[in-house]
Structure formats: C-alpha cells, structure tokens
Amino acid sequence: MSTPVQPQRDRGIGRGVSTLIPQSATDQAMAALTGLETVPVHVGLLQAAALLLEAAAQTAADESTKTAMAKTAGMLRSSM
C-alpha cells in the first residue's frame, strides 16, 4: 500500500508572512509612524484591561510573565 502524495505547501508558507513585514526603509518608517498615531479609547476599556492584567499577574506562574503583566497594567493606569 503506498502513501498518498502530500502537496508541497511549505514552499509558500513564508511568502505570506514576508508580505506583512515592511521591506524598504520607507515602508518601515511609515509602519513605525502609524504605530505612533493616537486613537480615541474609552477609559472604561483601559480600566477593564488594567484590572484583568492585574488579576492575571497574581496567578501567573512565570515570573517574567507576571512582571510584564504588572508593568503593562501600570502603563495602562498611567495613560488614564
């Protein structure tokens, strides 16, 4: 009994990811500037996110994860 031939999909997998990453210096700069744009966010959303992160940080087993969650919650609170 022979095994079925699998299609050669792995050649095209990386192409989709590379299109998401800006290739030229100009495109990279534009992506960075886009990331700096301010957008309106309801303060309740920030409060909820901070509370959820603080609660999750208390039960996180990994110390680096716990630190990152607490720091992010602090940053959210300072942005309010």
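Note: the structure precedes this text.
Attention in this report is confined to the structure presented alongside it. Given the structure is predicted, the values throughout are model-derived calculations rather than measurements.

### Some remarks on the overall build of the protein chain
Moving on, step 1. For the protein chain, the count of helices and strands is 4 helices and 0 strands.
Moving on, step 2. Taken from N to C terminus, the helices and strands of the protein chain fall in the order α-α-α-α.
Moving on, step 3. Counting all 80 residues of the protein chain, 8% fall into the buried class.
Moving on, step 4. Here the protein chain displays about 6900 Å² of accessible surface, and carbon together with sulfur accounts for 63% of that area.

### Looking at helix H3 (residues 43-59)
Moving on, step 1. Taking 1.5 Å of rise per residue, 17 residues should cover 24 Å, and H3 covers 25 Å from first to last C-alpha, within 8% of that figure.
Moving on, step 2. Looking only at H3, the buried set comprises Leu46, Ala50 and Ala57. The buried residues of H3 occupy one face: seen down the axis, they fall within an arc of 35°. Across from the buried face of H3, at angles greater than 90 degrees, the exposed residues are Leu45, Leu51, Leu52, Gln58 and Thr59.
Moving on, step 3. Of the surrounding elements, those touching the buried residues of H3 are helix H4 (63-79).

### Some points on a nonpolar patch on the surface
Moving on, step 1. A cluster of nonpolar side chains, Met30, Leu33 and Leu36, forms an exposed patch at the surface whose accessible area comes to about 350 Å².
Moving on, step 2. Here methionine 30 shows up in helix H2 (residues 25-36).

### Notes on the pattern of salt bridges
Side chains bearing opposite charge may pair, as long as their charged atoms lie close to each other.
Moving on, step 1. Counted according to the given criterion, the structure contains 1 salt bridge.
Moving on, step 2. The closest approach of N and O atoms between glutamate 54 and arginine 77, which form a salt bridge, is 2.8 Å. Of this pair, glutamate 54 sits in helix H3 while arginine 77 sits in helix H4, and the two are 23 residues apart along the sequence.
Moving on, step 3. The class for arginine 77 is partly exposed, based on a relative accessible area of 36%.

The rules behind the values
Residues numbered from 1 in each chain as written. Predicted model: local features only at pLDDT ≥ 70, side-chain atom pairs only at ≥ 80, totals over all residues. Heavy atoms only, no water. Helix = DSSP H or I, 4+ residues; strand = E, 2+ residues; numbered from the N terminus. Buried < 20%, exposed > 50% of the residue type's maximum accessible area, 1.4 Å probe, protein only. Areas by Shrake-Rupley, 256 points an atom, 1.4 Å probe, with all protein chains shown as cover. Expected span 1.5 Å × (residues − 1). Arc of directions from axis to C-beta. Contact = heavy atoms within 4.5 Å. Patch = residues over 30% accessible without salt bridge, like charges linked within 9 Å, V, L, I, M, F, W, Y side chains within 5 Å. Salt bridge = Lys/Arg side-chain N within 4 Å of Asp/Glu carboxyl O.

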